[in-house]
Amino acid sequence: MQPLNAPLRDWAGLRVWIIGASSGIGAALAAEALQAGAHVALSARRADRLQAIAAGNTRALAVPFDILDRDAWTQRHADISAQLGGIDLIVFCAADYRPERSWDVNPERAALTLETNLGSVYTGLATVLPAMLERGSGGIAIVASVAGYFGLPNASVYGPSKAALINLAELLYVDLRPRGVSVYLINPGFVQTPLTAKNEFTMPALQTPQAAARAIREGIASGRFEIHFPRRFTLALKFVKWLPYRLRFPLISRLVKP
Ligand SMILES: NC(=O)c1ccc[n+]([C@@H]2O[C@H](COP(=O)([O-])OP(=O)(O)OC[C@H]3O[C@@H](n4cnc5c(N)ncnc54)[C@H](OP(=O)(O)O)[C@@H]3O)[C@@H](O)[C@H]2O)c1
């Protein structure tokens, strides 16, 4: 079967912008892309972390900013374009997560999570798409989550933000692929990062950020649309997703405290 995107096997010279590169999966993906010969612009708020990851690599560029600052997107995009001559692949990897039951949700915190996880992607798209569409090439990679497959208590705001990203990636694919722009939907299972350190339960099929980064690069290299891993875990969740509600709800209820 033909892959849904054009395979991107050679990363040498590829200009990659990673949003959320100061820790976890984004930092590991930056290292993976650099090792494969890409030019990598690393963004997040913590400049010291970005500089430490970029240190000593002439193909790495630390570009700190807050993704909630819309003007900063324009400025940072201009800075990177001036240095690298353009962007071939942007990876939206930043997120805000707080485990909370529905009755604990604070509306201000919820708005911040939604703006970080979803709103910022719209700002980013408005920033990078015009040049990609004009060129008729490029790649948009959106890191969503298996938490977006179906409603899970504890992911009261994070889960809906990831479900929205899955929907967004799907419509972007249909919109942009005919115009030469590839779209990748990345749905990781559990990965050991500062984000999941907040979880108080035992995470099944937990992966290292390095394994996650490798799976993402290999998925993009082979032109997949949905890149989900580890598959022994994500395929089981896909099965649960297709169960009728009357079977799925009792199954999920058994996983959470009453
Ligand atoms: N870990 C998992 O099990 C798992 C599973 C499924 C999906 N994911 C997804 O994978 C992605 C990476 O998560 P992770 O686990 O690697 O978490 P992480 O280590 O906490 O990384 C989150 C990144 O987002 C950045 N960020 C957050 N708010 C920002 C803001 N306002 N402006 C700029 N950058 C901001 C953080 O940098 P600064 O704090 O320096 O700004 C950090 O680099 C996320 O989209 C997450 O939802 C993770």
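Procedures and definitions
- Residues numbered from 1 in each chain as written.
- Predicted model: local features only at pLDDT ≥ 70, side-chain atom pairs only at ≥ 80, totals over all residues.
- Heavy atoms only, no water.
- Helix = DSSP H or I, 4+ residues; strand = E, 2+ residues; numbered from the N terminus.
- Rg over C-alpha atoms; globule rule 2.2 N^0.38 Å.
- Buried < 20%, exposed > 50% of the residue type's maximum accessible area, 1.4 Å probe, protein only.
- Contact = heavy atoms within 4.5 Å.
- Areas by Shrake-Rupley, 256 points an atom, 1.4 Å probe, with all protein chains shown as cover.
- Lys, Arg positive; Asp, Glu negative; His and termini not counted.
- Charge placed at Lys NZ, Arg CZ, Asp CG, Glu CD.
- Salt bridge = Lys/Arg side-chain N within 4 Å of Asp/Glu carboxyl O.
- Expected span 1.5 Å × (residues − 1).
- Arc of directions from axis to C-beta.
- Core = buried A, V, L, I, M, F, W, Y, C linked by side-chain atoms within 4.5 Å.
- Polar contact = N/O pair within 3.5 Å; in protein donor to acceptor, adjacent residues only side chain to side chain.
- Pairing = 2+ DSSP bridges.
- Axes fitted to C-alpha atoms, helices over the stretch in contact; angles between N-to-C directions.

**Some thoughts on the overall build of the protein**
Then step 1. Within the protein, the secondary structure is distributed over eight helices and seven strands.
Then step 2. For the protein, the C-alpha radius of gyration of 18 Å lies close to 18 Å, the compact-globule estimate for 258 residues.
Then step 3. Its C-alpha atoms give the protein principal-axis dimensions of roughly 55 × 45 × 30 Å.
Then step 4. Expressed as a percentage of the 258 residues in the protein, the buried residues total 52%.
Then step 5. Sequence separation of 24 or more characterises 67% of the internal contacts of the protein that already satisfy a separation of 6 or more.
Then step 6. With an accessible surface of roughly 12,700 Å², the protein has 55% of that area assigned to carbon and sulfur atoms.
Then step 7. The positive charge centre, built from 27 side chains, and the negative charge centre, built from 19, are 9 Å apart in the protein.

**Regarding the pattern of salt bridges**
Then step 1. For the structure on display, the rule yields eight salt bridges.
Then step 2. Between aspartate 79 and arginine 76 there is a salt bridge, with the nearest N and O atoms lying 3.8 Å from each other. Taken together, the residues aspartate 79 and arginine 76, both in helix H3 (residues 70-84) and three residues apart, mark about one turn of the helix.
Then step 3. Overall, arginine 76 belongs to the partly exposed group, its relative accessible area being 21%.
Then step 4. Where arginine 98 meets glutamate 100, a salt bridge forms, and the shortest distance between an N and an O atom there is 2.8 Å.
Then step 5. On the basis of relative accessibility, which here comes to 7%, the residue glutamate 100 falls in the buried class.
Then step 6. Salt bridges here are not isolated pairs; linked through shared partners, they connect Arg15, Asp88 and Arg135.

**A word on helix H7 (residues 231-242)**
Given 3.6 residues per helical turn, the α-helix brings residues three or four places apart onto the same face.
Then step 1. Its twelve residues give H7 an end-to-end C-alpha distance of 16 Å, which sits within 8% of 16 Å, the value for a rise of 1.5 Å per residue.
Then step 2. Among the residues of H7, those classed as buried are Phe233, Thr234, Leu237, Lys238 and Val240. Along H7, the residues classed as buried sweep out an arc of 160° about the axis, all on the same side. For H7, the exposed residues set more than 90 degrees away from the buried face come down to Arg232, Phe239 and Trp242.
Then step 3. Against strand E6 (181-188), strand E7 (226-229) and helix H8 (245-253) lie the buried residues of H7.

**Quick word on the nonpolar core**
Then step 1. By size, the foremost hydrophobic cluster in this structure holds 42 residues, and its most contacted members are Trp17, Ile90, Phe92, Ile140 and Ile142.
Then step 2. Among the elements of the structure, strand E1 (15-19), H3, strand E4 (89-92), helix H4 (107-135), strand E5 (138-143), helix H5 (158-176), E6 and H7 are those that each provide at least two residues to this core.
Then step 3. For isoleucine 90, the contacting residues outside a window of four places in its chain are Trp17, Ile19, Trp73, Val128, Met132, Gly139, Ile140 and Ala141.
Then step 4. Core analysis: the next-biggest nonpolar cluster, separate from the first, contains 33 residues, Ala38, Ile220, Ile227 and Phe229 among them.

**Focus: the side chain of glutamate 100**
Then step 1. Along the chain, glutamate 100 falls in the loop between E4 and H4.
Then step 2. Here arginine 98 takes part through its side chain, which lies 2.8 Å from a polar atom of the side chain of glutamate 100.
Then step 3. Not counting chain neighbours up to four residues away, the residues in contact with glutamate 100 comprise Val105, Asn154, Ala155, Ser156 and Val157.

**Points about the sheet that holds E6**
Hydrogen bonds between backbone atoms are what pair the strands of a sheet, whose relative direction is either parallel or antiparallel.
Then step 1. Strands sit in the order E3-E2-E1-E4-E5-E6-E7 across an open sheet of seven strands; the sheet is parallel. Strands with a single pairing partner mark the edges of an open sheet, and in this sheet they are strand E3 (60-62) and E7. When the angles between neighbouring strand axes are averaged without regard to direction, this sheet yields 15°.
Then step 2. Where E6 lies against E7, four bridges are found, and the strand directions are parallel. Looking at the pairing, isoleucine 186 lines up with isoleucine 227 of E7.
Then step 3. Against the sheet, H5 touches E5 and E6, its axis set at about 160° to E6.
Then step 4. Along the sheet face, helix H6 (residues 209-221) touches E4, E6 and E7 and points at about 150° away from the line of E7.

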